[in-house]
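# Secondary and tertiary structure notes
Below are the chains, spelled out letter by letter.
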Amino acid sequence: MLKIEIDDGSGFCFGVTTAIKKAEEELAKGSKLYCLGDIVHNGMECERLKQMGLVTINHDELAKLHDAKVLLRAHGEPPATYELAKNNNIEIIDATCPVVLQLQRRILKQYETCPDAQIVIFGKPGHAEVLGLVGQTKGSAIVIAHFEDVMSLDFSRDIYLYSQTTKSLDEFHRIIDYIQSHISPSATFKSFDTICRQVANRMPNVSCFAAKHNLVLFVCGHKSSNGRVLFDECRRVNPNSRLIEGPDEIDKSWLEGVETVGICGATSTPKWLMEQCRDRIMQTSVKKE
């Protein structure tokens with residue numbers, strides 16, 4: 001008989017859970033609520049909240065909005081967004097993750113203390129969290145997406161290195177090692193490990209989980225930065241790992257000769273979605289019998 005296990009360690013992180021709870025509470029009051037950007041990088045969860053009345057807008061639409069209520073998601077926003085909201089009489093429901101908020105404050109303090117230094121952020125260019133971090137430096141921070149990008153830095157100048165909260169801890173340490181071995185003796189280099197441990201700790205956990213099963217279904221939205229990192233780890237440990245957004249993408253041929261299926265996901269993956277995937281597999285296996 002086919003065995004299916006949902007990973008207990010997968011699902012929403014604290015920041016995402018809080019943001020969704022705040023949205024649900026505001027919508028329950030019956031008031032109009034806008035969200036700046038997708039509240040979570042998962043299309044099906046966004047659709048669920050849309051059905052409840054949440055209206056997702058972009059920054060251009062925010063600029064035209066007045067006298068409204070807007071939720072800021074867990075990723076955080078740059079100072080310019082708060083200034084715009086103030087000018088347009090927009091009430092902010094701030095759901096910025098506490099870990100991200102602390103990081104923003106640290107970068108802002110560093111920028112105000114050493115405005116001429118290279119403030120470097122290891123992160124995904126254009127990612128919502130990264131835009132919020134760069135905004136603390138009035139756009140002057142340098143974003144490096146991969147280890148190879150570190151070679152473009154000026155090692156004769158001071159470097160203060162931070163990381164997007166959901167990046168790979170191993171790659172971050174590689175970047176630190178490279179800078180330490182190339183920085184000029186006359187320059188200052190300091191690194192700050194700002195990777196969220198709730199995310200980083202999922203790497204070894206998901207690795208063990210993937211190794212236990214014949215087939216692994218990793219459920220997450222294609223926009224999820226954290227999801228891509230975790231899925232790559234699943235696939236490294238278990239080549240028979242599939243990335244899916246939901247139950248409709250499950251191919252019954254994947255179940256041929258499989259005795260155990262593991263279902264896991266990103267910090268942006270709702271538990272109910274993983275449960276739907278489990279139910280779809282159960283229905284498929286019953287039909288086969």
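Summary of the structure given here. (Residues numbered from 1 in each chain as written. Predicted model: local features only at pLDDT ≥ 70, side-chain atom pairs only at ≥ 80, totals over all residues. Heavy atoms only, no water.)

### Some points on the overall build of the protein
Along its length, the protein carries eleven helices and twelve strands. Relative to the compact-globule value of 19 Å for 289 residues, the protein shows a C-alpha radius of gyration of 21 Å, a close match. Overall size of the protein, expressed as C-alpha extent along the three principal axes, is 70 × 55 × 25 Å. When the 289 residues of the protein are sorted by exposure, 52% land in the buried category. A fraction of 72% describes how many contacts in the protein between residues 6 or more apart in sequence connect residues 24 or more apart. Carbon and sulfur atoms make up 50% of the accessible area of the protein, which amounts to about 14100 Å² in all. The distance from the centre of the 34 positive side-chain charges to the centre of the 38 negative ones in the protein is 2 Å. (Helix = DSSP H or I, 4+ residues; strand = E, 2+ residues; numbered from the N terminus. Rg over C-alpha atoms; globule rule 2.2 N^0.38 Å. Buried < 20%, exposed > 50% of the residue type's maximum accessible area, 1.4 Å probe, protein only. Contact = heavy atoms within 4.5 Å. Areas by Shrake-Rupley, 256 points an atom, 1.4 Å probe, with all protein chains shown as cover. Lys, Arg positive; Asp, Glu negative; His and termini not counted. Charge placed at Lys NZ, Arg CZ, Asp CG, Glu CD.)

### Examining the sheet that holds strand S6 (residues 118–122)
Taken together, four strands build an open sheet; the order of strands is S7-S6-S8-S9 and the sheet is parallel. Since the sheet does not close on itself, it has two edges, and those belong to strand S7 (142–144) and strand S9 (189–191), each with one partner. Each adjacent strand pair in this sheet contributes to an overall mean axis angle of 20 degrees, direction not counted. Here helix H5 (residues 98–113) sits on the sheet and contacts S6 and strand S8 (159–163); the angle it forms with S8, its principal contact strand, is near 170 degrees. (Pairing = 2+ DSSP bridges. Axes fitted to C-alpha atoms, helices over the stretch in contact; angles between N-to-C directions.)

### Re unusual backbone geometry
Phi is positive for Asp67, close to 50 degrees, though the residue is something other than glycine. Within the fold, Asp67 resides in the loop between helix H3 (59–63) and strand S4 (69–72). You will see that Asn89, though not glycine, has its phi angle at about 55 degrees, which is positive. Considering the arrangement of structural elements, one finds Asn89 in the loop between helix H4 (79–87) and strand S5 (91–94).

### With respect to the sheet that holds strand S12 (residues 260–265)
Strand order in the open sheet made by the four strands is S1-S12-S10-S11, with parallel pairing throughout. Each end of this open sheet is capped by a strand with a single partner; those strands are strand S1 (3–6) and strand S11 (241–244). Averaged over all pairs of adjacent strands, the angle between strand axes in this sheet comes to 20 degrees, irrespective of strand direction. Alignment of strand S10 (residues 215–219) against S11, held across four bridges, turns out to be parallel.

### Points about the packing of aromatic side chains
Evaluation of the coordinates by the stated rule reveals five aromatic pairs. On the numbers, 6.3 Å between centres and 15 degrees between planes, the contact of Phe122 with Phe172 is stacked. Of this pair, Phe122 sits in strand S6 while Phe172 is found in helix H7 (residues 169–182), placing the two residues 50 residues apart along the sequence. For the pair Phe122 and Phe172, one class covers both residues: buried. Look at Tyr162 and Phe192: their rings are 4.7 Å apart centre to centre, the planes differ by 15 degrees, and that puts the pair in the stacked class. One end of the pair, Tyr162, is in strand S8; the other, Phe192, is in the loop between S9 and helix H8 (197–200), and 30 residues separate them in sequence. The two residues Tyr162 and Phe192 agree in class, both being buried. What links up through ring pairs into an aromatic cluster is the set Phe147, Phe155 and Tyr178. (Phe/Tyr/Trp six-rings, centres within 6.5 Å; stacked < 30°, edge-to-face > 60°.)

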